[in-house]
Each structure stands twice: as structure tokens, then as C-alpha cells.
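# Examining the three-dimensional arrangement
In case you want the letters, here they are:
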Amino acid sequence: MSLASRLIVPVLLACGAFSAGCGGQRGDIRLGLAGPFAEPRGRSMRLAAELAVREINAAGGLRGRSLELVVLDDRADAVRAVSVARQLSDDPSVVAVIGHLTSGATLAASAVYNMGLHPVPMISPSASSPLLSGAGPYTFRICPTDRAHGTRLAQWAVDRLHAQRVAILFLNDEYGRGVRGVFAQQFTGRGGRLVADDPYLDELPSFEPYLERIRRRGGTDALLIAGTRPGAERILEALRTVGLRPAVLAGDGVAGIEATGLLAEGAFVSAAYLPDQPGQANAEFVRTYRAAYNGQEPDHRGAGAYDIVHLLARAIRAVGPDRAKLRDYLAGVGSATAAYDGVTGRIAFDAQGDVPGKKVVIGVARGGRLVSAEDRP
Amino acid sequence: MSGFFAALNTIRGRIVIAGAAVAAGLIPIAVIGIGALSTISSTIGTELALLQRVSGLSSALAADVSDEIRSAEQYLTARDPETEQRFREAATAVYELQRTLAGIAELDPAERRAATRIGTLRAQAEVRYEYAHALSDIGRTSEAAAAAANAREPADRLVQEARTISAAQAVRSQAAGERLAAAADGRLQVVLAVLVVTALIGSGIAVALYRSIDRPLRQVVDVAHRFGEGDLRPMPIKTAAMPSEFADLSLAIERVGSQLRTMVGGLIAESDRMSAAAGDLSAVSEQLAASASEVTTSMMEVTGGAERQAAGLDRGMSQMERLAAAATANAELARLVARQGAEIHRLAAIHQRDIAGAATTLGEVQAVVEHSATQVEHLERLSVAIDDFVDLIKRISSQTNLLALNAAIEAARAGERGSGFAVVAEEVRELADSSQQAAEEVTATIRTVRQQTAEVANTMAVGRTKVSGIGHVATGAAKALNQMLTGIQQIEQAAQGVTTEAETTLAAAHEVSAVLRSVSEAATQHAAAAEQVTAAAEEQGASTEEMAAQANELSQVAERLRKLVEGFTV
């Protein structure tokens, strides 16, 4: 095979496959939406994204074209996320991706979005793993990292709960280990003592042995759950069984647990966003969301997805539905162009695709809702 | 395209096109060579680094997993905090290794799936063992044993997966080798093809360039040689297939030949006419001398007569009649001298114009010869340009040689896989050598061209000297003619004097015959007048001799001119 044909063939193929990029094509502007939508945690993300798309199309669309979502379920699974990412990358009409939801899936998918001749910009509303920082030029997120959550939770344990002994139960994955690692480092660094530091998976037959062991070691002032909602619910149930009543702290992975009512009552949950956080835009969003979805409350993923869709709309209005141009525009949000004031707060990307200016807030479960536990300004 | 063919008509154009053709061959070879080298070395580097990294990670993973299992099992019986600590550390190490492995972007799908499976199994094994430890810690030992047994299944599979990745590395390295070999083969074919084409084009160019310079140069040099030997016959040079510089030179030389032919032809004719005129002049001079001698004799007789008259007045009458007749003849002779002087004057003026014309023609010849010398100098400069070009080719080939050497070293470094490329490097080096040789041959040719150009320049210089020699001769001839004209004027003046005197004598004779009685006084006056005539006749004789000498000189000049032009073949 000659040198020339080696170069020419892929270019021709690329032009054939990406007629949107090479030639120009009318029709809907499409955005990928990827997450575990069969699970409760994916629900708000999808609903809020759809709400934002409806708002934009009702206002006349973008550049005379309407916006459309390509929704693909990654089941929060890394392998599945890679194939979803490939599907979205290979679809030339998809100009950007909203997702994924979990860090594991986002990390695996990010590699796909950043590779090839036509990489796709992706913005995750909730993937908070520190590993995602600088994963690639096309990778962005609008939530604080696990480090920020872990740090904020450790501050809360020491400064607000005055805890000296803390037990940690962490989900034995990227996320659980991430929150747990930063928390343990910050908490012990400020003189706290870990009475337990136990890994779990949702398959664990029972949490009682762990909790019983903690009880036998003399109990704990606070329990940090660094995991997701299913495990967290079982842990809260097991606490009752064992008869322990520590203050409960949890990372944002358990978001939605407040809906279990009494079980989660009083638990402190770190969050990138809370529906009752101050702000005119947020108040409006929450009102619209409730109206659209039978009074349901949006969660941080939903608010994040809502912000991402509107941010992408601003970018498409500015530079058009072109993957590379969108990426360059996004990288300049907060530096080359103005920061974006969304419902979740002010979005300004750093060189790693992170939003270091975004604050982690601590909410508390009260009567089935997660309300801000932070002092009102 | 017409621009291309126009460029092909000049030596400069041919050299530029030849250079471009050689460069068009050499540059792709260099580019392909460098490209192949860098691609292959970077591919080898990347592949090897990845293989090394993955295999290092998977073996470390297998070791840490074994450590994790050992300490986990040990804790169930020993239950000491140190063992628990060792288990936690091993589990953390396994987590970190798995995360590093999964973070390698270049993993193929099978490896990525294996890395994901390792992540799942790692989490399961750790959680199940820790769960067993918790059960054991709270005294539920039989449940703990069952939980530990449950943990062994993911732990065993974890070890297997780590080994599977190691095995996959072997397959991967083989595949990488095959890909590299295929890449090297593909480039080898391209390089060989370009090599063969360049070699053919290079040889063709060398032969064509040599011919296009050599043949016309031979013709031009041949003609210049023959001009140098004086053979000026027209010799047509075929200019159609020549580079335009040679065509121009050939035309200039042909013009020189034609100008020389016309001029030398003119000179020969002029010299013939000049010798004929000199002959005429000699004859006239002789006649003139004879006439002058006759005048002198007559005047002697007049003087004698006068004396005799003084002595014997009786014979005065008859003698006076003879004197009158003699004076009449004398006047006629003097008029003849005057006519011949005017004739000579006319002829000399004509020759003066002819010689001036010849001088102008000589000036033109000199200009043409100067122009030819400029053309030869231009040719000289061109051959210097060719030298520069040959130097460039030499430098390129020496660079290529160095490149080929480096390529060979890199190929050797690559070991068995580089052997194909080593052949390419050797071929590139040989090509560089052939280029070097071709450049040397061109240098030799150019040296010959320069020698021949120098010879042409010498021939031109000889021609220039000859032309200036002819110029000198013509100037001499003009000068001689001028002097001759002055002489003729003097003769004319003298002849005028003779005529006047003869008329005066005749008048006196008539007067004598009319007044014979007063002859006694008049006879004395008459004798004085006759002496004056004798002096004038003698003066005329001297002038005539001078003219004869000048006619002789002119004759010699005409002879020298003839000898000079005899060297030319027209």
C-alpha cells in the first residue's frame, strides 16, 4: 500500500462518514445523553435534560434547527459505557455528549470521546472522580470532584459534628475509594481516629457483621457512607438492627436517599447542588421541573444536566454545531468568554476541564427532602 | 508545457530540469527513508514500552493478589492486627495496580475487558475476605469460614486473569512484529521502485546532457579551428537540435565567417587593383622622366642656339624659326606632363577612398570578433554554473550517504526486524555512490568543455591580432598615397612652370624674328630665360624620380597586402 493511499483512504472515509463536518447537513442538532436511566439515580438527569431541550426548542431552537437528544443507557457499567461512547462518537449528527453519570463509566467512555479523527466534547453532570481531571481535551464536568466532597465532609465531621471517632463504610469501587481516601486523610490529619474502614459491594449478604464489629470496638461518633444509595439504605437499616445511632455522613453518591423518609432522617449528604440553594435561576428551574414532573424535585444530576444542555446551546449559538469548535468554546468558558451562571452555580472551566470554583454544599434529610444544612448568608 | 520545451532548449534549462528530476527522485527516497525510520522506531518504542508496562503491571498484580490471599487466609486463623494490616496494604496495592492498568489508553478491547474483570474480581475478593474477617472478629467462625470459601472463587479468577494478560502480551508482541514487518516491506517496495526510476532517469539525463553539450561544442570548435587556420569557406552547422546558447554561438561564428569572407575577398580585389595602379604609375613616371630629359636636351639646344645667335646674327632668322618650333614642342610636352599628373591624382584619390572603405570594414570585423569573444566568455561562465550544480549534487549524495549509514545503524539496532530496512539503506547508499560518480563524470566533461572554450578564445585572439595587422597595413597604404598626392601636386606645379616658360620663349622668338636688329640685347635675355627653363626641367626630373620611388613603395605595399590575403581561403 502506498504512502499516499494510506493517507487518502482514511480522509475519504472520514469525509464520507462525517458529512456533517465535511459537507454540512440540515436537520436536528443532536446531543448524546448517556447514563443509567433504568435506575432511580438516572431519572432526574434524563428528565431535566429533556426539560431543557423542550425549553430551547419552544424558544425557536438553535440557528433555525431544533435540538434533539440521543439517549443511550450505559447501566453505570464501564464496558457498556465504552460501547455507548463509540456509538455516539460514530454518529456524525451528535455534536456533544451529556454524561456519563458515574465516574467509572465516564472514565472509560472519556477515552473513546477523546480519540479518533472526530473527538466529541463530553460534559458530565456528576462524575466526580479525581482521575477524570485532565482526562482529555474533550472531557469536561460541571461538578466538584470527590476530593472536594471528601474534604468538605471531613470539615463537617470535625467542625460541625465535633466527631473524634469515625467509622467508614466504602463502596469498593473508584468512587467509594475516592471519597474515602480524601476523607480519611483529612480527618486523621486533623486528629480524628478511624474505628473502621471497611469495603463493601451491593452483593454483601449483610452489613451487620461490620456494624457489630464497630459496636464491639466501642461504637463511633459518626459513620461515613462513601457509596451509593442501595448500599446506603441497607447500612441505615442495619444500624437500627445493630442498635447504633451515630451521626450519618454520606457523599453525593447516595443522593435521593432522603426520599426513604424516616430511615434517612437527619443524615448529612454532601451535594454539588440542592434544590433549595439560593438563586433566582435555580428557583425558576425547580418550579418548572416540579410543574413538569408532578411535583418531583430535581437532584444534582438533573440540575447539572439542565445546566449542561443550556451551556451547550449557548456554545452552539456562538460557534455552530461543530464538535471541535464546541470543544474550543467550552474550554474558554470562564476565560475566553464569560463564565456561565447556571442553576447549579457559576461554571468556569480550568485547563483540566474541572470547575474548581464550584462549592460543595452539605444538605440534611428532613421529612423526605434534602435541605441545605449550610448557614444561610 | 511550451515553457517546459522552451526551457529544454537551453543548457541552463536542461541543467535545471535535470536537477529537478534528480531531486524529485532523491527527495522522496530521503522522505520515505526518514519517514520509515521514524515510524518504525517510534512504533517499536511505543509497542515495546506498552508491552513492558502491561507485562510489568500484570506480574506485579499477580504477586500482590497472591500476597492479599495469603494474608487474608492467615488472618482467619491468626487474627492479629499486623496480618490484617498486610491484607489491607496488599488489597490497596492490587487496587492501585488495577487502576493503573485500566488507565492505559492503548489497551486493546480484550485487555480492557480483562482489566475491567480484574477490577470487579479485586473488589469482590477484598470485600468477601473483609466480610469473613468481620464475622470472625465477632465470633461467627463457621460463617466466617463459609465467607472465606466464597472469597476464594474471585481470588483464584483474579490470579488467572493476571496470567491471561501476560499471555496476551506474547500474542500482542508477535502481532506487533508482523505489523512492523509488513510496514517495512511496503516501504521497501516503494523505495525500490523510486530507486529504479531515479537511476534510469539519472542515467538518461547524464547521457542527454553530455550529448547536448558535446556534439554542438565539437562542431563550433571545429569551425573556429578552421577559421584560425584561415579556411573561411562556409561550413553550415546544424543548429536545430542544439541548446540555444550553442545555436547563438554557431550563428555568430557563421556571421564572423561570412564577414571575414566578404572583407578578405574585398581586400584581395583591392590589392590587385592597387598593384595594377602602381604599375600604371611606374609607367607614367618613366614616360615623365623621358619627357623631362627631352625637355632638358631641348633647352640645352635652345641655350646653344642663343649663344650661337649672339655670335652670328646672320643665321638668326632660320635659327629663330627652329627655336619657335622647339618652344611649341616644349609647350606640348609640358601639357602632356600636366595631363598625366592629373590622371595620377585622380587614380590616387580613388585608391584613397577604397582604402578608407577597407578600414571601415576592418572596424566591423573587429566588432564581430569582440562579440564572439564575449560569447565565449559567456560559455565560460555557464560552465562555472555547471560546476556549482555538480557540487550541489555531490553534497546531496554525501548527505544521502550519511543518511543511509544512519539508517543502516538504526536497522542494525532494530535487529532481525530491521534487516529489510538494512537492504533499503544499502540501496540508498549505492544510489548515493552512483550520483557521486555521475557528478565526477560531469566534472570531467566540463573540464574538457572549458579547455575547448579556452582554445576557441585563443583562436579568437589570433584572429583579432590578424585583423589589427591588416588595419596597420591599410593605414600605411593610405599614408603612402597621401605622400604620393603631394608629389603629384608638385609635378603639376612644375609642368605649369614649363608651359608658361615655353610660351614666354615662343613669344620672345616671335619678337626676335620681328625685330632682328635688336637681337643682340635680346639674345642675352633669351639665354637667361633658357637657363631658367633648364632649372625647371631639372626640378621636374627630381620630382619624377621621387614619384617613381613612391610608386615603387606603393607596389611593395600592394605586394605585402597580397601576401597577407593569400593566407585566406575564400
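What counts and how
Residues numbered from 1 in each chain as written. Chains lettered and ligands numbered in written order. Predicted model: local features only at pLDDT ≥ 70, side-chain atom pairs only at ≥ 80, totals over all residues. Heavy atoms only, no water. Patch = residues over 30% accessible without salt bridge, like charges linked within 9 Å, V, L, I, M, F, W, Y side chains within 5 Å. Areas by Shrake-Rupley, 256 points an atom, 1.4 Å probe, with all protein chains shown as cover. Salt bridge = Lys/Arg side-chain N within 4 Å of Asp/Glu carboxyl O. Helix = DSSP H or I, 4+ residues; strand = E, 2+ residues; numbered from the N terminus. Buried < 20%, exposed > 50% of the residue type's maximum accessible area, 1.4 Å probe, protein only. Expected span 1.5 Å × (residues − 1). Pairing = 2+ DSSP bridges. Axes fitted to C-alpha atoms, helices over the stretch in contact; angles between N-to-C directions. Contact = heavy atoms within 4.5 Å. pLDDT = per-residue confidence, 0-100.

### A word on a nonpolar patch on the surface
A grouping of F4, F5 and L8 of chain B is seen on the molecular surface, where their side chains present a nonpolar patch of about 270 Å² in accessible area. As for its placement among the helices and strands, L8 of chain B is situated in helix α1 (residues 2-8).

### Structural notes on the pattern of salt bridges
All names here are of chain A. Using the criterion set out here, one finds 36 salt bridges over all chains in the structure. Put simply, E50 and R46 hold a salt bridge, and the shortest N to O gap is 2.9 Å. Here R46 and E50 lie together in helix α3 (residues 40-58), a separation of four residues that amounts to about one turn. Taking the relative accessible area as the measure of exposure, E50 reaches 21% and is therefore partly exposed. In this structure, R141 engages D354 in a salt bridge whose closest nitrogen and oxygen atoms are separated by 2.7 Å. Pair noted here: R141 is in strand β5 (residues 139-141) and D354 is in the loop between β12 (345-347) and β13 (361-366), with a separation of 213 residues, a long-range link.

### Regarding helix α2 (residues 11-78) of chain B
Across its 68 residues, α2 of chain B extends 97 Å between first and last C-alpha, which sits within 8% of the 100 Å expected from 1.5 Å per residue. Positive phi appears at R79 of chain B, one or two residues downstream of α2 of chain B, with a value of about 55°.

### Some details on the sheet that holds strand β3 (residues 94-98) of chain A
Residues and elements named next belong to chain A. Spatial strand order, β2-β1-β3-β4-β5: five strands in an open sheet with parallel pairing. In this open sheet, the two strands that pair with only one neighbour each are β2 (67-73) and β5. The sheet shows a mean angle of 25° between the axes of neighbouring strands, taken without regard to direction. Pairing analysis gives three bridges linking strand β4 (residues 122-124) to β5, with the strands arranged parallel. Each bridged residue has a counterpart across the sheet, and for S124 the counterpart in β5 is R141. Here α3 sits on the sheet and contacts β1 (29-35), β2 and β3; the angle it forms with β2, its principal contact strand, is near 165°. Docked against the sheet, helix α5 (residues 103-113) engages β3, β4 and β5, running at close to 165° with respect to β4.

### Some remarks on the confidence of the model for chain A
For chain A, mean pLDDT is 90; residues scoring 70 or higher make up 92% of the total. Scored below 50 in pLDDT, residues 1-25 of chain A shows 18 contacts in the model against residues more than four places distant or in partner chains.

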